[in-house]
Number of protein chains: 2
Amino acid sequence: MASIKDVAASAGVSVATVSRVLNGHPSVSADARERVLAAVAALGYRPNAVARSLRTDQTHTLGLVISDVLNPYFTELARSVEEEARALGYSVIIGNADERPELQDHHVRNLLDRRIDGLLVSPTDGGSPLMLDAIRAGTPMVFVDRWIPGVDVPVVRADGRAAVRDLVAHLYGLGHRRLAIIAGPAATTTGSERVEAFRAALAEYGLPLPDAYIGQGDFQAESGRRVTEGFLDLPEPPDVVFAADNLMALGALDAVRARGLRVPDDLALAAFDDIPWFVHTDPPVTAIAQPTGELGRAAVRALVDRIEGRTPRSVTLPARLVVRRSCGEPPTPSPVQRSTT
Amino acid sequence: MASIKDVAASAGVSVATVSRVLNGHPSVSADARERVLAAVAALGYRPNAVARSLRTDQTHTLGLVISDVLNPYFTELARSVEEEARALGYSVIIGNADERPELQDHHVRNLLDRRIDGLLVSPTDGGSPLMLDAIRAGTPMVFVDRWIPGVDVPVVRADGRAAVRDLVAHLYGLGHRRLAIIAGPAATTTGSERVEAFRAALAEYGLPLPDAYIGQGDFQAESGRRVTEGFLDLPEPPDVVFAADNLMALGALDAVRARGLRVPDDLALAAFDDIPWFVHTDPPVTAIAQPTGELGRAAVRALVDRIEGRTPRSVTLPARLVVRRSCGEPPTPSPVQRSTT
DNA sequence: CCTCCTCGTGGAATCGATTACATCCCTGCG
DNA sequence: CGCAGGGATGTAATCGATTCCACGAGGAGG
């Protein structure tokens, strides 16, 4: 592969001049510029990004470590992150942690070794020593969706509290009184926050949230299935389960179906995170939708602000309830937004 | 960030010795090795992958350019690719082409500039000049899922012909005679092959495939919707539509639902690519399942073989029919595999 | 006891870019 | 006509690693 030296030789100039032409430096004669450009075209020369990065100490690359690529929510997030990054002149390397802290560390280490300019993380746990070190060392970082409490890193996320309150209102209106939740890992902020929001909303209606109605999941489908089976085996099973993410809702659906029971008649279901498939499941699933694309874009903007020396801001956007049929018919005629499809 | 020089200074040895220790070169005294390791630990030193790559001309990185990250099939593919690559000591940079040739070129160029060791591509079109040049220049490359005819690049893919035949047998057995297909872009191999396999299978039953029953889609949900509406507007609408990928099937479902019609009574539906959600849609969707994980792993192995100087092999694995309820009840009692859930 | 290897080690070149600094030439002004 | 200033260009240092080569010390064999 042709290098800058080959171009210089072919154009009859020095490498410095070639570099100047390529970087738009003003003081280059029209003649030299022309010859260089011709040589570049003739040789099909492309600058070696590796060499450039070594010299400039910039890779124009962002790292994105997400909890689970198979989760459509994170897929959409990754997509919007890449789009916005591309628009700002950055590439993105995605690391999939699969909800496993040691895999998350693997990716963080790998990305750091590659000298990415900044890191976007949706932490799988409360923060490994590695991650804490990276923050302390000043690695530009932004948390997205989930975060690690107690560290000074901007956070871009959705606030689901109002939507959870709307959901509980909706459920209460439909006559449900025994509400259960499939929680995410307590080590994640989204895992614990969603339970707290749910508990607070229930309290407003004087409803309890007994321990037996809090199932411990791990944001994966299998745990949703297991927890739901546990709920159904209870002497007094809940009327509704609220899954803290879409994959656990899928697992819950599996479990209900495997028992030959029906949603919402035997057990109602709602989920955090809305995805296109929820429109077409049997029945369509009532869910809390996050502004996923906007979160991804805002996260990139914050990170690039930090990288380029501006002051990044934390961003919190509201989530909203999308009522479908999985909690009972007909939906209460309320000001709450209805699904359009 | 500490460099190899800092380590050398702190250990009281030369950079050459540090490098030898780090790379497991044999001729280093136990004493020196110990001092170097201590210095590495004390400084928290991590080798700069950028510098190393410049010198060794290897990045230990694979590029993966896929057609659409939002398509669960490709997400699963990406995941298995990353897993296998990691197991073999490589990282993966994913580029999402969004079914747009110019975006595909953007990513190929970007990956080439970063001097990735090899490229895994699921081409969105018949091959841009850029891609053809890269192949000619000897870039290690492997096609996965889709490929470009006429070039000497190993292909890892699933053969769906037998499964399509099984599907047509199933449909015929249920009494369907007017079968239509939502095709993918003709410029992609999977786009045209699936139509051909469908046409061939229909011919075995003496059924025609009129042009009006071939809808041109682009593998995205919206096109599935549009094409399905066209079918429904026909003076003689089809009994069944077969969508060439899962997203167009989703669009078809949307279209049917928007008209207040029902699957399978008013229009039966089958899809190429099986995904977890198809179990829970209303009704569960009959689909052709590819061995996605195995495809991803085989593709990585082929590419790494090529990179490390061994001879890569093309791989073709069979797809299989998974019967559910979207084409009618009850499924014919046939030797064909039934969905277990 | 001398020579020859081998082992451990350091010095320095190298990968492909960017960029500070030096140089040269030309123009404009006093 | 001479000198200052600025534009165009080249030389060389630099980024952080790897690796070839040379060198010194020490052990083995004659």
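Once a new chain begins, its residue numbering starts again from 1 and follows that chain's sequence as written. Numbering of ligands from 1 and lettering of chains from A proceed in the order in which they are written. Local features in this predicted model are restricted to residues of pLDDT 70 or higher, and side-chain atom pairs are both shown and tallied only at a pLDDT of 80 or more, whereas totals for entire chains, interfaces and linings draw on every residue. Hydrogens and water molecules were not included; the side-chain quantities draw on all heavy atoms of the structure.

(A) Representation of the domain arrangement of chain A. Note that the domain bounds were set by an automatic or database domain assignment. According to the domain assignment, chain A consists of domain 1 (4–47), domain 2 (58–157 + 292–316) and domain 3 (159–291). Distance from the C-alpha centre of domain 1 of chain A to the C-alpha centre of domain 3 of chain A: 62 Å.

(B) Representation of the pattern of salt bridges. Residues and elements named next belong to chain A. Criterion for a salt bridge: a side-chain nitrogen of Lys or Arg within 4 Å of a carboxyl oxygen of Asp or Glu. If you walk through the whole model with that rule in mind, you get 50 salt bridges over all chains. The shortest N-O distance in the salt bridge between arginine 225 and glutamate 222 comes to 3.1 Å. On the criterion of helical spacing, the pair formed by arginine 225 and glutamate 222 is a turn pair, its members being 3 residues apart in helix H10 (residues 221–233). For the exposure calls, accessible area comes from a 1.4 Å probe over protein chains only, and a residue counts as buried if that area is under 20% of its type's maximum, exposed if over 50%, partly exposed in between. Residue glutamate 222 is classed as partly exposed on the basis of its relative accessible area of 47%. Helical segments are the DSSP runs of H or I of at least four residues, strand segments are the runs of E of at least two, and each set is numbered from the N terminus.

(C) Looking closely at the pairing of strand S4 (residues 141–144) of chain A. Residue and element names in this part refer to chain A. Burial of S4 is two-sided: the residues Met141 and Phe143 facing one way and the residues Val142 and Val144 facing the other way are all buried. Judged from the 3 bridges that link them, strand S3 (residues 118–121) and S4 form a sheet pairing that is parallel. Looking across to S4, one finds that valine 121 is bridged to phenylalanine 143. Relative to strand S5 (residues 155–159), S4 runs parallel, the two sharing 2 bridges. Bridge pairing links valine 144 to valine 156 in S5. Each pair of strands is called paired provided DSSP finds at least two bridges between the two strands.

(D) Molecular detail of the packing of helix H8 (residues 161–173) of chain A against helix H9 (residues 189–204) of chain A. All names here are of chain A. Axis lines are fitted through C-alpha atoms, for helices just across the contact stretch, and the angle between N-to-C directions can take any value from 0 to 180 degrees. Running from N to C, H8 and H9 cross one another at 45°; their axes reach a closest spacing of 9 Å. The angle between H8 and H9 falls in the class oblique. Considering the relative orientation of H8 and H9, their crossing is right-handed. Residues Arg161, Val164, Arg165 and Val168 of H8 lie in contact with H9, whose contacting residues are Ala197, Phe198, Ala201, Leu202 and Glu204. Each angle receives one of four descriptions, namely roughly parallel if under 35 degrees, roughly antiparallel if over 145, roughly perpendicular if within 65 to 115, and oblique otherwise. Here a crossing is taken to be left-handed if its near helix is turned anticlockwise relative to the far helix by less than a right angle, and right-handed if that turn runs clockwise. Residue contacts are counted whenever heavy atoms from the two residues lie within 4.5 Å of one another.

(E) Expanded view of the protein's contact with DNA strand D. Nearness of a residue to a molecule or strand requires only that one of the residue's heavy atoms be within 4 Å of it. What surrounds DNA strand D is a group of 26 residues, the closest being Ile4, Ser19, Tyr45, Asn48 and Arg55 of chain B. Per the 4 Å cut-off to the protein, sugar and phosphate atoms form 56% of the nearby atoms of DNA strand D. Residues adjacent in sequence count toward polar contacts only when both atoms are side-chain atoms; beyond that, a polar contact is any pair of N or O atoms within 3.5 Å, and within protein one must be able to donate a hydrogen and the other to accept it. Between DNA strand D and arginine 55 of chain B there is a distance of 2.4 Å, counted from a base oxygen to a side-chain nitrogen or oxygen. Elements that contribute at least two residues to the surface near DNA strand D include exactly helix H2 (15–22) and helix H4 (49–56) of chain A together with helix H1 (4–11), helix H2 (15–22) and helix H4 (49–56) of chain B. Its residues assigned to classes, the surface near DNA strand D shows 11 nonpolar, 9 polar and 6 charged. All residues other than Ala, Val, Leu, Ile, Met, Phe, Trp, Tyr, Cys, Pro, Asp, Glu, Lys and Arg, Gly among them, are scored as polar; the first ten of these are nonpolar and the last four charged.

(F) Spotlight on the relation of the copies chain A and chain B. Overlaying chain A with chain B gives an RMSD of 0.1 Å, the required rotation being 180° about an axis along which the chain moves by 0.0 Å. Taken together, the rotation and translation describe the operation of a two-fold axis. Every residue of chain A has its C-alpha some distance from the rotation axis, and the shortest such distance is that of threonine 281 of chain A, at 1.9 Å. An overlap of 100% is found between the interface residues of chain A and their copies at the interface of chain B, pointing to a shared contact surface. The atoms used to superpose the copies are C-alpha atoms, taken from residues with pLDDT of at least 70 in both, and the fit is least squares.

(G) Quick peek at the sheet that holds S5 of chain A. All names here are of chain A. Pairing within the open sheet is parallel, and its 6 strands lie in the order S2-S1-S3-S4-S5-S11. In this open sheet, the two edge strands, each paired with only one partner strand, are strand S2 (91–96) and strand S11 (315–318). Each adjacent strand pair in this sheet contributes to an overall mean axis angle of 20°, direction not counted. In this fold helix H6 (residues 101–113) packs onto strand S1 (61–66), S2 and S3, with an angle of close to 175° to the strand it touches most, S1.

(H) Just the side chain of arginine 114 of chain B, in detail. Within the element layout of this structure, arginine 114 of chain B appears in the loop between helix H6 (101–113) and strand S3 (118–121). All tallies of charge rest on Lys and Arg as positive and Asp and Glu as negative; His and the ends of each chain are not included. Aspartate 113 of chain B provides the closest opposite charge to the buried, salt-bridge-free arginine 114 of chain B, at an N-O distance of 7.5 Å. Here serine 91 of chain A takes part through its side chain, which lies 3.3 Å from a polar atom of the side chain of arginine 114 of chain B. Side chain to side chain, arginine 114 of chain B and asparagine 110 of chain B meet in a polar contact 2.9 Å long.

(I) View of the pairing of strand S10 (residues 286–289) of chain A. Residues and elements named next belong to chain A. Side chains Thr286 and Ile288 of S10 all project onto a buried face; the interleaved residues Ala287 and Ala289 project onto the opposite face, where all are buried too. Pairing of strand S9 (residues 268–272) with S10 involves 3 bridges; the strand directions are parallel. Residue pairing across strands places alanine 270 opposite threonine 286, the latter belonging to S10.

(J) A look at the packing of aromatic side chains. Residues and elements named next belong to chain A. For this analysis, a ring pair means two rings from Phe, Tyr or Trp (six-membered ring only for Trp) whose centres lie within 6.5 Å, classed as stacked if their planes differ by under 30 degrees, edge-to-face if by over 60, and tilted for the remaining angles. For the structure shown, the criterion picks out 12 aromatic pairs over all chains. Through a chain of ring-to-ring contacts, the aromatic side chains of Phe198, Phe242 and Phe272 assemble into a single cluster. Sitting over the ring of tyrosine 172, arginine 177 keeps its end group 3.5 Å from the ring centre. Any Lys NZ or Arg CZ found within 6 Å of a ring centre and within 35 degrees of that ring's normal is scored as a charge over the ring.

(K) Local environment of the protein's contact with DNA strand C. Residues in contact with DNA strand C amount to 26 residues; listed here are only the nearest, Ile4, Ser19, Tyr45 and Arg55 of chain A together with Thr17 of chain B. Here a phosphate oxygen of DNA strand C sits 2.2 Å away from a polar atom, N or O, in the main chain of isoleucine 4 of chain A. Listing elements by their share of the surface near DNA strand C, those giving two or more residues are helix H1 (4–11), H2 and H4 of chain A together with H2 and H4 of chain B. Tallying contributions element by element places H4 of chain A first for the surface near DNA strand C, with 5 residues. Of the residues assigned to the surface near DNA strand C, the class counts are 11 nonpolar, 10 polar and 5 charged.

(L) The arrangement of the sheet that holds S3 of chain B in detail. Residues and elements named next belong to chain B. With parallel pairing, 6 strands are arranged side by side in an open sheet as S2-S1-S3-S4-S5-S11. Lying at the two open borders of the sheet, with one neighbouring strand each, are strand S2 (91–96) and strand S11 (315–318). Shown here is a sheet whose adjacent strand axes are inclined to one another by a mean of 20°, direction ignored.

(M) Structural view of the environment of proline 72 of chain B. Summarising the element assignment, proline 72 of chain B is placed in helix H5 (residues 72–87). Expressed as a C-alpha distance, the spacing of proline 72 of chain B and threonine 124 of chain B, which sit 52 residues apart in the sequence, is 17 Å. Excluding residues within four positions of it along the chain, proline 72 of chain B makes contact with Trp277 of chain A together with Asn246, Leu247 and Ile275 of chain B.

(N) Quick peek at unusual backbone geometry. Along the chain, aspartate 282 of chain A connects to proline 283 of chain A via a cis peptide bond; the corresponding omega equals -5°. Notably, aspartate 145 of chain A is not glycine yet its phi reads approximately 70°, a positive angle. Tracing the sequence through the fold places aspartate 145 of chain A in the loop between S4 and S5. In this structure aspartate 145 of chain A comes out as buried when scored by relative accessible area, which is 6%. Although it is not a glycine, histidine 60 of chain B sits at a positive phi angle of roughly 50°. On the secondary structure map, histidine 60 of chain B appears in the loop between H4 and strand S1 (61–66).

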